[in-house]
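Results of the structural survey
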Amino acid sequence: MAKYDVVVVGAGNAGLSAALQLLKEKKKILVIEQHNLPGGCASSFVRGRYEFDPSLHELCNVGSKEAPGSVRKLMEYYGVKVDWVKIDDCFRVISKYSDGGAMDVTMPAGREKFIDAMDSYVPGSREAMERLFDLFDKTTKGIDYVTGGKAPETEVLFKEHGDFLRTGAYPTLKVFKAVGLPQRAIDILSTYWPYLGVDLSRLNFVHYSQMIKCYIDEYAYIPKHTSHEISNAMLERIRDLGGEVWFNCRAEEFLFDGGKLCGVKTTNGTVECNYVLANINPDIVYSKMVPKEMVPAWQKKLSAARKGNYSGIMYTCYFGLDCSAKELGIKDYSIFFFGTSDSAEEYKNIFKVFMHDDFFILTCNNVVNQEASPEGTCIVALTTFTSADDWNDIDPARYGWQKSKVASELVRELKERGGIDISGHIEEMETASPLTFARYVNVPDGAVYGFDVGDWDSMLARMMTMHKEQDIPGLRLIGVAGAHGDGYNMAYANGQSVAMAAIGDLAKMESK
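Residues numbered from 1 in each chain as written. Predicted model: local features only at pLDDT ≥ 70, side-chain atom pairs only at ≥ 80, totals over all residues. Heavy atoms only, no water.

The grouping of Lys3, Lys260, Lys508 and Lys512 at the surface amounts to a positive patch. Mapped onto the elements of the fold, Lys508 is located in helix H19 (residues 488-511). Overall, the relative accessible area of 56% leaves Lys508 in the exposed class. (Patch = residues over 30% accessible without salt bridge, like charges linked within 9 Å, V, L, I, M, F, W, Y side chains within 5 Å. Areas by Shrake-Rupley, 256 points an atom, 1.4 Å probe, with all protein chains shown as cover. Salt bridge = Lys/Arg side-chain N within 4 Å of Asp/Glu carboxyl O. Lys, Arg positive; Asp, Glu negative; His and termini not counted. Charge placed at Lys NZ, Arg CZ, Asp CG, Glu CD. Helix = DSSP H or I, 4+ residues; strand = E, 2+ residues; numbered from the N terminus. Buried < 20%, exposed > 50% of the residue type's maximum accessible area, 1.4 Å probe, protein only.)

As C-alpha cells, this is what we get:
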C-alpha cells in the first residue's frame, strides 16, 4: 500500500480545504471520509422533487467578482468553481426592543444603505454607527497584522493598531455601548448572534464585528445548487490535482512509532503516512484515537476547561411547499424571530424544555434563487436552538412524535408571529434533531458549532496561540473546534492555515 505525506481525516469543509492546500504544495495526500458523500454538514438530501441544504443559511466573506472576499479568493486559488447567488438584504428581525416596543425591521446590505436604514428605525443613530464602522475597519487591519505570518511587534501594535488593542479584550455589548450606540440600535445589531452561538455579553467584539462587517459590506451569498455544490466541486478539484479520496472509511486510531506518527488504522486497513490532519472533535481524538501517554497534560486541562457550544445544538425542519414564496407572502430570504432582543436572556432560554425559547429562523432560498425548487413551489427551513437534554433523555418510542410536535409548533409560531401560513401547502417535510446531526457529523450532542467561543476561549485568543498548541508530533486538528471558530468560511480558512503549518512541520522533518 502506498505511503502518503499527509492523511486528511474527514471530508468536511476544513478537510477539503486542507487537502487542496496540501495538493497545491505538491504533497501526496489521502482523504478518508466515513460517509459516502463529501462535505459533512455541507451536503444536501432529496425528498420527492425537492433538494434541501441541511445546514447553510448564508455565507459571508464571498464578495463579488469585482471585489472578492476571502472565500471567493480561496476558491479561485484552489481552482474550485462555484455558482454564487447574492442576497441583497442582511435580515428581517421580528422581536421586541429592550424598552418593550414591537420590532419588525428589515436591514439591507451595503454599508451606506445599512446606516441609512438604521437611522430611519433609530433616529439619531447615524453618528454612532459611523464610529462603529470606523472601528470595524481598524479591527480588520489589526487582525490582518497579527495574523500576517510574522510575529507582531509591540511597538507597531501600540502605534498603528491602538483601537484594535483597546477593544480586543472586551465583549461586543460593552464596545457597542462605548461607541454610544442607542439601545434600539444595539437591539437590531444583536440579530446575528445565533450564527456564532454566543450571546453578546460574552462574545468577543473582534469576532462579532468581523462577521457582521462582512455581511454588511460584502453581502451574503449562497451556492446556487446547495452547499453540496461547493463540496462536490472541491472533491472534483482534489482528484484533478492527484489526491486520493476514500469514502465509507472511518479512522479508528492514529499510530505512532517511537513517539512519531506513522499511520492511521481505518476500517479499510492500516494506512502509512508522515502526518495527519484530523477534522474530528478533539475530545474524541484525545480520548479514543491517540495513546493516552501521547496526550500532553496541558491539552487534558484545556479539554476539561472548554465547554461545548450548546447553542450550536439545533433542530431544523425542512419543507417542500406546493406554492411559490410570493403566494405565501414570503419576501425575505431570512427572518429572525426572537422572544427578546436581549441576547444574554435569549441564550438562557435555549436551555428551557422544547420550544420555550421563542427563537427560530426562517430561510427561503427561492426569494433569491428561483431555481431552488420546481416552478410554482418553494423551500422553507425553520431552525431553532434546543437543549441536548431534551433529546438525549427522550423515550425512543416518542422520538418521532416529538420531532413532529416541534415542527408543528414552529409552523404555528410562523403563522402567529410572522403572518405566514404554510400548513396547507406542505408537500414534503423532513426534520433533523440534535441526534440527527450527531449521527451524521459525529459530534457530541450534535453541537455542530464546536466549542463555545465566548469569554477566555475567544477566536482572537485561539488565533494568537494556534501554532503553539501542537504537541503531538505529526498530528494537527482542523475544523470548527479550531482557532477560527465555527462557520463555513472559518472552516475553509482553518483548513488552509493548519495545512500550511503542517507543510512547515514536514519541511523540518525532511531537513533532519
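Picking up where we left off.
Before going further, it helps to spend a moment on empty space enclosed by the protein. Applying the stated rule across the entire model yields three cavities of 30 Å³ or more. Volume-wise, the second largest cavity comes out at about 50 Å³. Taken together, Val93, Ser95, Met103, Asp187, Ser190, Thr191, Trp193, Phe338, Thr340 and Ser341 form the lining of the second largest cavity. (1 Å grid on protein atoms, 1.4 Å probe; cavity = no way out; pocket = protein on both sides within 12 Å on 5 of 7 lines; lining within 4 Å. Points joined across faces, edges and corners; volume = space filled by probe spheres on them.)

The next point concerns the packing of helix H2 (residues 70-78) against H19. When two helices pack together, their arrangement is given by the angle between the helix axes and by the axis-to-axis distance. Where H2 contacts H19, the axes come no closer than 10 Å and their chain directions differ by 45 degrees. Judged by the inter-axis angle, H2 sits oblique to H19. In the packing of H2 onto H19, the handedness of the crossing is left-handed. In contact with Val71, Leu74, Met75, Tyr77 and Tyr78 of H2, H19 contributes Asn489, Tyr492 and Gln496. Classifying every residue of the contact of H2 with H19 by side-chain character gives six nonpolar, two polar and no charged. (Axes fitted to C-alpha atoms, helices over the stretch in contact; angles between N-to-C directions. Parallel < 35°, antiparallel > 145°, perpendicular 65-115°, else oblique. Left-handed = near helix turned anticlockwise from the far one by under 90°. Contact = heavy atoms within 4.5 Å. Nonpolar A, V, L, I, M, F, W, Y, C, P; charged D, E, K, R; others polar.)

A word on the packing of aromatic side chains. Overall, the coordinates contain 25 aromatic pairs when judged by the stated rule. Their ring planes at 10 degrees and their centres at 5.9 Å tell us that Tyr315 and Trp391 sit as a pair that is stacked. Taken together, the residues Tyr315 in strand E13 (residues 314-321) and Trp391 in helix H15 (residues 388-392) connect sequence positions 76 residues apart. The pair Tyr315 / Trp391 is uniform in exposure class, with both members buried. The structure contains a cluster of three or more aromatic residues connected by ring pairs, namely Phe91, Tyr192, Trp193, Tyr195, Tyr215, Phe336, Phe338, Tyr347, Phe359 and Phe385. A cation sits over an aromatic face here: Arg202 above Tyr347, 5.0 Å from the ring centre. (Phe/Tyr/Trp six-rings, centres within 6.5 Å; stacked < 30°, edge-to-face > 60°. Lys NZ or Arg CZ within 6 Å of the ring centre and 35° of its normal.)

Unfilled space is identified by rolling a water-sized probe across the atoms. Volume-wise, the second largest pocket comes out at about 420 Å³. Lining the second largest pocket we find 20 residues, and of these Ser44, Phe45, Pro54, Thr436 and Tyr440 sit closest to its centre. Every element with two or more residues in the lining of the second largest pocket is listed here: strand E3 (45-47), strand E17 (426-432) and helix H17 (434-441). In terms of residue class, the lining of the second largest pocket is built from nine nonpolar, seven polar and four charged.

What follows deals with the side chain of Asp53. Looking at where Asp53 falls in the secondary structure, it is placed in the loop between strand E4 (50-52) and H2. Despite its burial, Asp53 pairs with no opposite charge; the closest candidate is Arg47, at 13 Å N-O. At 3.1 Å, the side chain of Asp53 forms a polar contact with the backbone nitrogen of Ser55. A polar atom in the side chain of Asp53 sits 3.1 Å from the backbone nitrogen of Leu56. Ignoring any residue separated from it by four or fewer positions in sequence, one finds Asp53 in contact with Ser43, Thr226, Ser227, Tyr318 and Tyr488. (Polar contact = N/O pair within 3.5 Å; in protein donor to acceptor, adjacent residues only side chain to side chain.)

According to the stated counting rule, one finds 26 salt bridges in the structure shown. A salt bridge links Glu427 to Arg49, with the nearest nitrogen and oxygen atoms 2.9 Å apart. With Glu427 in strand E17 and Arg49 in the loop between E3 and E4, the pair connects residues that are 378 residues apart, well separated along the chain. Its relative accessible area of 45% is what places Arg49 among the partly exposed residues. For Asp505, the salt bridge identified is with Arg476, shortest N-O distance 3.0 Å. Linking Asp505 in helix H19 with Arg476 in strand E18 (residues 475-477), this pair joins segments that are 29 residues apart in sequence. Judged on exposure class, the residue Asp505 and its partner Arg476 are both buried.

Time to look at the sheet that holds strand E14 (residues 334-337). Strand order in this open sheet of seven strands is E7-E6-E14-E15-E16-E13-E17, and the pairing throughout is mixed. Here the strands that pair on one side only, and so sit at the sheet edges, are strand E7 (102-108) and E17. The average undirected angle you get between the axes of adjacent strands in this sheet is 15 degrees. Summarising the sheet, strand E6 (residues 89-96) and E7 pair through seven bridges and their orientation is antiparallel. Counterpart to Val93 in the pairing with E7 is Val105. (Pairing = 2+ DSSP bridges.)

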